[in-house]
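Inside the fold
Spelled out from the first residue to the last, the chains are:
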Amino acid sequence: MKVTVQEIVMPKLAESVVSATIERWLKQPGEQIGMYEPVCEIITDKVGAEIPSTIAGRLVKILVGTGETVEVGTPICLIETEAEAESTAAAAAPAEEARSAAAASPGQQQARPAGAMRGRYSPAVLQLSAEHGIDPADVQGTGTGGRVTRKDILAHAEASSKGQAPASAPTSASAPALEPGDRIVESRGPVRSSGLHLGETPRIPSVEIEGHAIPGRGEYFIDVTPIRNTIATRMRQSVTEIPHGWMMIEVDVTNLVVLRSKIKDDFRKREGTNLTYLAFFIKAVVNAIKDFPIINSVWAVDKIIVKRDINISMSVGTEDSVITPVIKNADQKNIAGLAHEIDTLARKTREGKLRVDDVQGGTFTINNTGSFGAILTQPIINYPQAAIITFESIVKRPVVINDMLAVRSMANICLSLDHRILDGVICGRFLQRVKENLESFSSETHLY
Amino acid sequence: MPVLDYIEAIRLAMKEEMERDPDVFVLGEDVGVKGGVFTTTKGLQQQFGETRVMDTPLSESAIAGVAIGAAMYGMKPIAEMQYSDFMFPATNQIISEAAKIRYRSNNDWSCPLVIRAPIGGGIFGGLYHSQCPESVFFGTPGLKIVAPYTPADAKGLLTAAIRDPDPVLFFENKKCYTLVNGSVPEGDYTVPIGKSNVLREGDDITVISYSLPLHFALQAAEELAAEGISAHILDLRSLQPLDKEGILEAARRTGKVLIIHEDNKTGGIGAEVSAIIAEEMLYELDAPIRRLCGPDVPAMPINPPGEKFFMLNKDKVLEAMRELALY
């Protein structure tokens, strides 16, 4: 039988192992080795292992000594064997299968007869040939099967333009030496779309909403915002559940006007906020509520709940909505304190910074309707409170005092009341008290 | 510039975005206490607390659904699917809900959601730990899909995804976690979604790929350079939207295109890239467009020799590249 000498190579032990070190040879040259018998011990950064022989035979030569590190796939020893030479068994197998797998997947370029691809001109070749006035038949093909490649044409064109003329028709185009990356086609329009490509946003169509076919008229729609929806719900609830009564009185606030004009600039400088009429008004109302606590209550069908805390809801309006932030424990604040609180809440409202607890817990509502010029209002009660009061515009009017005409600053005060809880007499008395309080503000009034 | 592992770059992106924006939070199986089964979210719950790094029950459709709800409410969730193989119960949430919310509500609602999922095999994980499901979600308008390869791209794309106002699927390759490392720029930066990146310039063949196979392509290109073959390698980075301009420019450079991905060939991303190239620049092609992909076989085997046969590797890639170069 034929005797051959074969190699054993360093095998791959783990996924990321690329090399290994011989730690100890277990067999010496001259010794017989059985199939799969260990020939040496190796060590890698991950494992220590024994290398089994894949061939039965006699160890002839050690190629890698103890302590040497070699890459995976390097032959480490030679074995003389009588077995048929298996074409480099174990270690070559991964390479084999990789190659066969690779050959299995992309393009099958199996052995073609030489020159079979000679006449196969790719679109790039035809394009470039036309541009440079080259006949591809004249060009040496360096591709598989003798194919003329794009690079061949480009190389040919460059060679011709440099004056070394291979046998090809003279180029009128006289193309300068082209870099492979050069743009070949000049006119490159926008990349065509064959549908909605996912990177683009589609053109947003503009839709005309048609109005009704009433000649001379049209209409448009406004979306209902959440806040408008809330206002609508609350108002509806209040009006349907609470039987509203209404009354008004007029108040002579001349002294108040004088007081305020006198101190407002000073106040502004000292406190940093404006001193509005509302602060005085709230003070007057709160003191009146203290005398008539039933005003500060809630209807609970079988009982009336009178609230001890006087939390004043203040109506703050904008162009398209109204909201009522609450001044908590308003009876514990003096006029200056009320002025600050009013300012803070109004600012927060305008800036949209109100929080949930800013608008909850109100027991009585005050609305400064005079701030937009009204002289009479019929307010809707802030459910589930018992009443709401408005302070109308201050107007200079001729009045009769002690049978004489005088010009005084007059303001109307309107009250809507829950007629289940409150009646005319009690409300009339309440309003009288408010009037008294307001008319008592004079230059002697202390703000603090 | 510091050198980070792929997994470190992903972790850093999440950490920095969570520091920057209190609306960003992470949810998924084992992401909190354990720090992720790959350690991707390690340390995040210690830093940000239970309500920002949440361990969820074992229910992918709930993970996605809850994340979508939170996103619609205004938060910026990063939902982790432990393995992309597990994503499929969440498919309805992703395709029929997340992808369509902005469109169906006429811009009233949006869904700024990120779903992270590890893809790819080579870890002896078999059927349920090795899949590449990109092609399942690919082609669904309303979704963005990214699959970075370099750590710098991983951090930049994840940051961009978190900041994106629409749903983004972030497919990270599990084998790349510690296999791939690279320089990552310091500080705040993003990589734009929808832009590819040229990793290596060359004039003989164009290789277009994403995720792990780029590793093999780059190694193969080095070896082929010694043989006189220069390869132009394009990292897609974004699968949806594909960078059409980038793809066409890279293809034009050489006229010979090899598309590589680990996902199986039929119906994969490569098919779309190939169609785009053929549609837009047929007359500049010097060779048929080639695709080197995973085989059309139901699952990656779990036995090591089987997995080795299935997986792409440097040798397979090199063979394919050389053959195309010589064509």
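Fair warning: this is a prediction, and the values are worked out from it, not measured in the lab.

Digging into the overall build of chain A
Within chain A, the secondary structure is distributed over eight helices and 19 strands. Residues counted as buried form 26% of the 448 residues belonging to chain A. Once local pairs closer than 6 in sequence are excluded, the contacts in chain A between residues at least 24 apart make up 61%.

Here's the deal with the sheet that holds strand S5 (residues 48–52) of chain A
Backbone-to-backbone hydrogen bonds join strands into a sheet, with any given pair of strands oriented parallel or antiparallel. Residues and elements named next belong to chain A. Within the open sheet, the four strands sit side by side as S5-S4-S2-S7. Their pairing is antiparallel. One side of each edge strand has no neighbouring strand; the edge strands of this open sheet are S5 and strand S7 (69–71). Averaged over all neighbouring strand pairs, the angle between strand axes comes to 40°, with direction disregarded. Sheet topology note: the strand S4 (residues 38–43)/S5 ladder contains five bridges and is antiparallel. Bridge assignment links Pro38 to a residue of S5, and that residue is Pro52.

A few points about the environment of B:Gly28
Relative to the assigned elements, B:Gly28 resides in strand S2 (residues 24–28). Considered as a pair, B:Gly28 and B:Ala64 are 36 residues apart in the sequence and their alpha carbons are 9.2 Å apart.

What about the environment of A:Asp135?
Within the secondary structure, A:Asp135 sits in the loop between helix H2 (123–132) and helix H3 (150–161). Put simply, A:Asp135 and A:Ile153 are 18 residues apart on the chain and 9.2 Å apart in space, counted from C-alpha to C-alpha.

Some remarks on the sheet that holds strand S11 (residues 231–235) of chain B
All names here are of chain B. Ordered in space as S9-S11-S10-S13-S14, the five strands form an open sheet in which the pairing is mixed. Strand pairing shows two members of the sheet lacking a second neighbour, strand S9 (197–200) and strand S14 (290–294), which therefore form its edges. In this sheet, adjacent strand axes meet at a mean angle of 25° when their direction is disregarded. Pairing geometry for strand S10 (residues 205–209) and S11, over five bridges, is parallel. Note on S11: the bridge partner recorded for Val207 is Ile233. With respect to the sheet, helix H13 (residues 314–326) is in contact with S10, S11, strand S13 (257–264) and S14, its orientation differing from that of S14 by roughly 170°.

Focus: the packing of H2(A) against H3(A)
Residue and element names in this part refer to chain A. In contact at an axis separation of 9 Å, H2 and H3 are set at 15° when each is read in the N-to-C sense. Considering their axes alone, H2 and H3 lie roughly parallel with respect to each other. At the point where H2 passes H3, the crossing takes the left-handed sense. Listed contacts from H3 to Ala124, Val125, Leu128, Ser129 and His132 of H2 are Arg150, Ile153, Leu154 and Ala157. Broken down by class, the residue content of the contact of H2 with H3 amounts to six nonpolar, two polar and one charged.

Description of the nonpolar core
Membership of the largest hydrophobic core comes to 114 residues, with the highest contact counts inside it found for B:Ile115, B:Ala161, B:Phe170, B:Val207, B:Leu258, B:Val317 and B:Met321. In this structure B:Phe170 touches B:Val114, B:Ile115, B:Arg116, B:Val146, B:Leu157, B:Leu158 and B:Ala161, once residues within four positions along its chain are discounted. With 48 residues, the next largest nonpolar core counts A:Ile289, A:Ile389, A:Phe430 and A:Leu438 among its residues.

Digging into the confidence of the model for chain A
Residue and element names in this part refer to chain A. Counting all residues, the mean pLDDT for chain A is 81, and 78% of those residues have values of 70 or more. A low-confidence stretch, residues 85–112 (pLDDT under 50), is modelled with 34 contacts involving residues beyond four sequence positions or located in other chains. In this model residues 165–187 is a low-confidence stretch, pLDDT under 50, and it forms 37 contacts with partners more than four residues away in sequence or in other chains.

Brief notes about helix H6 (residues 277–291) of chain A
Residues and elements named next belong to chain A. With 15 residues, H6 extends 22 Å between its outermost C-alpha atoms, agreeing within 8% with the 21 Å of an ideal straight helix rising 1.5 Å per residue. Most of H6 sits out of view: eleven of its 15 residues are buried. Contact partners of the buried residues in H6: helix H5 (254–271), strand S12 (312–314), helix H7 (335–351), strand S16 (364–367), strand S17 (387–391) and helix H8 (424–439).

Describing helix H7 (residues 151–163) of chain B
For H7(B), which comprises 13 residues, the first-to-last C-alpha distance of 18 Å matches the rise-based estimate of 18 Å (1.5 Å per residue) to within 8%. Burial analysis of H7(B) places twelve of its 13 residues in the buried class, which makes it a mostly covered element.

Looking at the packing of H6(A) against H8(A)
Residue and element names in this part refer to chain A. Two elements in contact, H6 and H8, have axes separated by 8 Å at closest approach and are oriented at 135°. If you check the angle between H6 and H8, you find them oblique. At the point where H6 passes H8, the crossing takes the right-handed sense. Across the interface between the two elements, Phe280, Ala284, Val285, Asn287, Ala288 and Asp291 from H6 touch Phe430, Arg433, Val434, Asn437 and Leu438 from H8. Residues belonging to the contact of H6 with H8 are distributed by class as follows: seven nonpolar, two polar and two charged.

Here we look at the confidence of the model for chain B
Taken over all residues, the pLDDT of chain B has a mean of 96, while the share at 70 or more is 100%. For this predicted complex, the interface score ipTM comes out at 0.81, alongside a pTM of 0.56.

A short note on unusual backbone geometry
Here the residue pair A:Tyr383 and A:Pro384 is connected by a cis peptide bond, since its omega of 5° sits within 30 degrees of zero. At the junction of B:Gln240 and B:Pro241, the peptide bond is cis and its omega measures out at 0° in the coordinates. Examined against the element boundaries, B:Pro241 turns out to sit in the loop between strand S12 (238–240) and helix H10 (244–254). A positive phi angle, close to 70°, is found at A:Tyr36, a residue other than glycine. Secondary-structure assignment places A:Tyr36 in the loop between strand S3 (32–33) and S4. The exposure class of A:Tyr36 is exposed, given the 10 C-beta atoms found within 10 Å. The phi torsion at A:Asn402 lies on the positive side, around 50°, for a residue other than glycine.

Reading guide: rules and limits
- Residues numbered from 1 in each chain as written.
- Chains lettered and ligands numbered in written order.
- Predicted model: local features only at pLDDT ≥ 70, side-chain atom pairs only at ≥ 80, totals over all residues.
- Helix = DSSP H or I, 4+ residues; strand = E, 2+ residues; numbered from the N terminus.
- Buried ≥ 20, exposed ≤ 12 C-beta atoms within 10 Å, placed from the backbone.
- Contact = placed C-beta atoms within 7 Å.
- Pairing = 2+ DSSP bridges.
- Axes fitted to C-alpha atoms, helices over the stretch in contact; angles between N-to-C directions.
- Parallel < 35°, antiparallel > 145°, perpendicular 65-115°, else oblique.
- Left-handed = near helix turned anticlockwise from the far one by under 90°.
- Nonpolar A, V, L, I, M, F, W, Y, C, P; charged D, E, K, R; others polar.
- Core = buried A, V, L, I, M, F, W, Y, C linked by C-beta atoms within 7 Å.
- pLDDT = per-residue confidence, 0-100.
- Expected span 1.5 Å × (residues − 1).

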